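A closer look at the structure
Each chain, letter by letter, is given below.
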Amino acid sequence: MITSRFAILLAVLLAGLGSIFLLPQQLGFQPVGIESELPKMVGGWYGQDLAVSDKEKSVLGEDKGTSITRKAYHNGIGYEIIASIVLSGEDMSRSIHRPERCMPAQGYTVIDKSTVPVVLPDRGMIRVTRLQNVRNTPDEDGKTNSIYNLTYYWFVGHTDTTDSHIVRTWLDMKDRLVHGYNQRWAYITVSAQIPPGAEIDPRTQKVIDEWMKDFIKQLAPKIQKDSVQIAKLG
């Protein structure tokens with residue numbers, strides 16, 4: 001029985017390694033399915049450019065074609081939403097990251113994760129991943145302060161959009177192996193802080209969630225091109 005299982009495992013491993021030789025030697029790039037610049041206005045939110053650190057550029061591999069755009073958006077009552085677009089370059093393994101990987105490096109712990117549908121006006125529906133995060137920091141008196149954050153993200157290729165890193169990876173592998181091209185994926189994040197004390201107030205959290213989903217509903221049609229397929233309603 002052990003010998004049989006080992007033989008099956010070895011065959012699967014060899015098949016996987018062998019498929020590497022089937023990959024095209026020269027991958028073509030599909031046209032980018034997203035605008036690389038964020039709009040100045042998103043509904044009633046006004047955006048201002050935010051600088052991207054040299055460390056972040058180095059981690060994401062900007063020198064190999066990766067581009068990063070980030071803006072801070074404010075509404076009329078002083079609330080802030082930060083939006084980012086990371087457009088992958090040649091090295092997909094470096095330039096496309098899930099927030100689940102990046103958040104711990106910023107001191108955050110992911111405490112809740114879910115998939116949220118967002119209906120786009122006259123276009124259909126996209127699914128985005130919602131993360132609730134917390135970072136604990138001590139003050140001068142040694143007291144621990146908890147900072148809560150909400151982050152939404154999704155991926156956009158030339159024709160596909162998905163909230164799942166696993167699905168994106170599968171589509172990327174299929175495109176490279178079967179079609180011989182790279183969709184050159186983009187990764188969009190929309191995040192905001194939860195005001196102190198609001199983490200225990202479900203009504204305030206609901207208001208912030210609705211603001212962010214409405215922001216995404218207005219942002220996505222501005223940055224996603226017509227080549228991107230969106231799930232139809234009904």
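Below: a short report on this structure. (Residues numbered from 1 in each chain as written. Predicted model: local features only at pLDDT ≥ 70, side-chain atom pairs only at ≥ 80, totals over all residues. Heavy atoms only, no water.)

Moving on: the overall build of the protein chain. Along the protein chain, the regular secondary structure elements total 6 helices and 11 strands. Within the span of the protein chain, comprising 234 residues, buried residues form 40% of the whole. Excluding contacts between residues fewer than 6 apart, the proportion of contacts in the protein chain whose partners are at least 24 apart in sequence is 66%. A total accessible area of about 13,200 Å² is found for the protein chain, and carbon and sulfur atoms account for 56% of it. (Helix = DSSP H or I, 4+ residues; strand = E, 2+ residues; numbered from the N terminus. Buried < 20%, exposed > 50% of the residue type's maximum accessible area, 1.4 Å probe, protein only. Contact = heavy atoms within 4.5 Å. Areas by Shrake-Rupley, 256 points an atom, 1.4 Å probe, with all protein chains shown as cover.)

Okay, the environment of S227 next. Here S227 lies in the segment after α6 (202-223). Residue class for S227 comes out partly exposed when judged on its relative accessible area of 27%. Along the primary structure S227 and P31 are separated by 196 residues, whereas in three dimensions their C-alpha atoms are 9.1 Å apart. For S227, the contacting residues outside a window of four places in its chain are G33, H158 and T159.

Pairing between strand β6 (residues 109-120) and strand β7 (residues 124-138): 11 bridges, direction antiparallel. Paired with K113 across the strands is L131, a residue of β7. In this antiparallel pair of consecutive strands, β6 and β7, the connection spans 3 residues, and D122 shows a positive phi of 60°. Bridging between β7 and strand β8 (residues 144-156) involves 10 bridges; their strand directions are antiparallel. Bridge assignment links N133 to a residue of β8, and that residue is N149. (Pairing = 2+ DSSP bridges.)

This brings us to the nonpolar core. Across soluble globular proteins, you tend to see nonpolar side chains buried next to one another. Ranked by internal contacts, the top residues of the largest apolar core, which has 37 residues, are I34, I81, I126, W154, V190, M212 and F215. When contributions to this core are tallied by element, the ones reaching two or more residues are β5 (80-87), β6, β7, β8, β11 (186-194) and α6. Formed by 10 residues, the second largest nonpolar core is a distinct cluster that contains I68, V86, F155 and L171. (Core = buried A, V, L, I, M, F, W, Y, C linked by side-chain atoms within 4.5 Å.)

Tallied over the entire structure, the rule returns 6 salt bridges. R130 is the partner of D209 in a salt bridge, and the nearest nitrogen-oxygen pair spans 3.0 Å. Remark: R130 occurs in strand β7 and D209 occurs in helix α6; sequence separation between them is 79 residues. We classify D209 as buried; its relative accessible area is 12%. The shortest N-O distance in the salt bridge between K217 and D214 comes to 3.4 Å. Separated by 3 residues within a single helix, K217 and D214 lie in helix α6, roughly one turn from each other. (Salt bridge = Lys/Arg side-chain N within 4 Å of Asp/Glu carboxyl O.)

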